[in-house]
Amino acid sequence: MRALSQAARVTEHHANPMPASSLHWFRDDLRLADNPALSAAVAHGPTLFLYILDEGGSRRPLGGASRWWLSRSLAALASALEAKGSELVLMRGDPAAILPRVVETSGVDLVTWSRRYDAPSMALDSRLKADLTAAGTRVESFNAALLNEPWQVATKTGDPMKVFTPYWRAARAVGEPAAPMPAPRRMASLPLPAALAAMAVSHAELALEPTRPDWAGGLRETWTPGEAGAAARLSEFLAGPLDGYGEGRDRPDRVATSRLSPHLRFGEIGPRQIWHATRSAIESGDASAGSSDVEKFLSEVGWREFSYHLLFYNPDLATENFNRRFDAFPWRRDEPALERWQRGLTGYPIVDAGLRELWTTGWMHNRVRMITASFLIKHLLIDWRQGEDWFWDTLVDADPANNAAGWQWVAGSGADASPYYRIFNPVTQGLKFDTAGRYVRRWVPEIAGLDDSLIHEPWKADAGALRRAGIALGETYPRPIVDLDLGRKRALDALAMTRSEDAPG
DNA sequence: AGGTATTTTGA
DNA sequence: CAAAATACC
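Under an unreviewed UniProt entry, the name given to chain A is Deoxyribodipyrimidine photo-lyase, and the organism recorded is Bosea vaviloviae. On record in UniProt, under Catalytic activity (unreviewed entry), the comment for chain A is "cyclobutadipyrimidine (in DNA) = 2 pyrimidine residues (in DNA)." If you open the UniProt record of chain A and go to Sequence similarities (unreviewed entry), you find "Belongs to the DNA photolyase family."

Visitor: Help me out: how do you make sense of the UniProt feature "domain: Photolyase/cryptochrome alpha/beta" (unreviewed entry) in chain A in this one?
Guide: In the numbering adopted here, UniProt assigns the feature "domain: Photolyase/cryptochrome alpha/beta" (unreviewed entry) to residues 20-147. Taken end to end, residues 20-147 is 45% helix and 21% strand, and its first and last C-alpha atoms sit 31 Å apart.

Visitor: How should the confidence of the model for chain A be read in this particular structure?
Guide: Note: predicted coordinates in regions of low pLDDT should not be interpreted at a detailed level. When pLDDT is averaged across chain A, the result is 93; 95% of the residues are at 70 or more. For the stretch residues 1-16, pLDDT sits under 50, and the model shows 11 contacts to residues farther than four places along the chain or on other chains. Per-residue pLDDT stays below 50 along residues 501-505; that stretch engages in three contacts with residues further than four places along the chain or on separate chains.

Visitor: Just to check I follow, could you spell out the sheet that holds strand 3 (residues 88-92) for this structure?
Guide: Strands pair in a sheet through their backbones, by hydrogen bonds, and they do so in one of two ways: parallel or antiparallel. One open sheet holds the five strands; their spatial order is 3-2-1-4-5, and the pairing between them is parallel. A single partner strand is all that each edge strand has here, and the edge strands are strand 3 and strand 5 (138-142). Taking each pair of neighbouring strands and ignoring which way they run, the sheet shows an average axis angle of 25°. Contacts between helix 4 (residues 95-106) and the sheet are confined to strand 1 (22-26), strand 2 (47-53), strand 3 and strand 4 (110-114), with strand 2 contributing the most and set at about 160° to the helix. Running over the sheet, helix 5 (residues 119-134) touches strand 1, strand 4 and strand 5 and is turned about 170° from strand 4.

Visitor: Help me understand the nonpolar core in this model?
Guide: Proteins that are soluble and globular tend to have nonpolar side chains buried together. In this structure, Trp341 and Phe391 are the most contacted members of the largest nonpolar core, which totals 56 residues. For this core, the secondary structure elements donating two or more residues are helix 14 (335-343), helix 15 (349-361), helix 16 (366-379), helix 17 (384-394), helix 18 (402-411), helix 20 (438-443), helix 21 (463-469) and helix 22 (484-496). With seven residues, helix 16 is the largest single contributor of residues to this core. Leaving out residues up to four positions away in the same chain, Trp341 has contacts with Thr346, Val351, Leu355, Thr372, Phe375, Leu376, Leu380, Gly387, Trp390, Phe391 and Trp407.

Visitor: Teacher, can you tell me more about the environment of Arg59 here?
Guide: Topologically, Arg59 is positioned in the loop between strand 2 and helix 3 (64-83). C-alpha of Arg59 to C-alpha of Met122: the two residues are 63 residues apart in sequence and 9.8 Å apart in space. At a separation of 2.6 Å, a polar atom in the side chain of Arg59 contacts the side chain of Ser121.

Visitor: Looking at this model, I keep getting lost on the domain arrangement of chain A. Mind explaining?
Guide: Often, the extent of an interface is quoted as the loss of accessible area upon association of its parts. Looking at the assigned domains, one finds that chain A contains domain 1 (1-144 + 193-222), domain 2 (146-178 + 224-313) and domain 3 (324-497). Inter-centroid distance (C-alpha atoms) of domain 2 to domain 3 is 27 Å. Of the residues lining the interface, 22 residues belong to domain 2; the matching set on domain 3 comes to 23 residues. Buried area between domain 2 and domain 3, both sides added, is near 1900 Å², and the carbon and sulfur share of it is 56%. Between domain 2 and domain 3 we count one salt bridge in total. Between Arg367 and Asp250 there is a salt bridge, and its shortest N-O distance comes to 3.1 Å. Taken together, the connections running from domain 2 to domain 3 amount to 12 residue pairs in polar contact (both at pLDDT 80 or more).

Visitor: Just to check I follow, could you spell out helix 22 for this structure?
Guide: Helix length check: helix 22, at 13 residues, gives a terminal C-alpha distance of 18 Å against a target of 18 Å (1.5 Å per residue), a fit within 8%. Listed in full, the buried residues belonging to helix 22 are Leu484, Gly487, Ala491, Ala494 and Leu495. In a view along the axis of helix 22, the buried residues occupy a sector of 100°, so they form one face of it. Residues Asp485, Leu486, Lys489 and Asp493 are exposed on helix 22 and point more than 90 degrees away from its buried face.

Each value, and the rule that gives it
Residues numbered from 1 in each chain as written. Chains lettered and ligands numbered in written order. Predicted model: local features only at pLDDT ≥ 70, side-chain atom pairs only at ≥ 80, totals over all residues. Heavy atoms only, no water. UniProt positions renumbered as here; feature names shortened; annotations may be inferred. Helix = DSSP H or I, 4+ residues; strand = E, 2+ residues; numbered from the N terminus. pLDDT = per-residue confidence, 0-100. Contact = heavy atoms within 4.5 Å. Pairing = 2+ DSSP bridges. Axes fitted to C-alpha atoms, helices over the stretch in contact; angles between N-to-C directions. Core = buried A, V, L, I, M, F, W, Y, C linked by side-chain atoms within 4.5 Å. Buried < 20%, exposed > 50% of the residue type's maximum accessible area, 1.4 Å probe, protein only. Polar contact = N/O pair within 3.5 Å; in protein donor to acceptor, adjacent residues only side chain to side chain. Domains from an automatic or database assignment. Buried area = accessible area lost by both parts, 1.4 Å probe. Salt bridge = Lys/Arg side-chain N within 4 Å of Asp/Glu carboxyl O. Expected span 1.5 Å × (residues − 1). Arc of directions from axis to C-beta.

Given below as structure tokens:
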């Protein structure tokens, strides 16, 4: 079948050569600027712009919050294309079946896309590249998601890197990231052939947003998905919170971080753009941050790069311990505790605040991600993969590299991970990073009436303080699910086995 | 990118 | 004597 159609195509090309045309397959690069694959397609000739919702294959299904974001991001992208006289074609199904058919019927002679790095996506993309090439169509893939390709950074002996600091030093030594490309000024749209009209689906038919119940109200209030929303967030960050970022980034009670993560996740903005925008804001004097704030911010972009490096060389990063000593770790199965953690009912205010922020907005401050993850893993001894799953379902920035690497880092099973004895105390952390309890009061309003001195440990309030604050401990707000000292000792005992001297180094 | 007990420091 | 540095887990 394939050989036959290939022969037909070659004959056809010789008989009456068709004008050059292209197809850009959008995936996690939902932007027009700094999108080299898109630019290459547009420069080649009239372009068919295609997105395929791929839910049945071996790729990890998107979580609910990510589906909501994707829906809004696709709508934004469609509008941006429409403003340039082009159309975004939406389809649903297996790209391995859909793409060759669209390419063949539309007669495009160039297909472009931006690379992905999770194993099932890479397998799918390689297969498609081979199939389309064999059928006579040129395929070009580009880097839109990273400063450096994962394989561009290596140790002196050519091995993958396992520690962040040398990784980031080596990554910076690769050279200054390329300047971002502007969005194509003009683009000619290649319409979907009439014969394929039945394959296209409407945005509504993708059914990516929740209806009954509609739990996305908090997401809508918090975010503006899409390329323009991403650019606005970056500008606001550079003009404000970047100054003082080094200290402010740890404070969940302030708006002191960029909150670009979901925009990055869906490629509404790329790290090259962030890098150069940050540099020029400093050089032009539009931002007044010190060099340590800038370095700190760029190194956060570096952690994302490092996570992708780890994922590329460890395709099972989300399911297998990077450090195999953790394979025998005595995790507890405790569904009631897991559920109380998920719902923000552990009795530890900063933990509960974080999980409720996550549930309501689809996002959680990084400092609080570490605190809540540490609590689940260490105080509750619940497998990091159960926490990773929850974050995957509820985060709008759920990312195959960052989410897995972050959880393994907290568990201590990851690369350059948190040491086994680092067990975050939610009270200490709360006092240190949410000093006045503003973050807790926002997300755990039922204890908002407590004094600052008790806001992070309501179980220490005496009957009078509880009555004044209108709290019935154990009824309107839970007592602690586990004792901190007992949980800490239990975790240290369990973790001791991962560091016995006879284990392989 | 910690916590905690202990020691040291300096107002 | 409280805060800061240190040692150890």
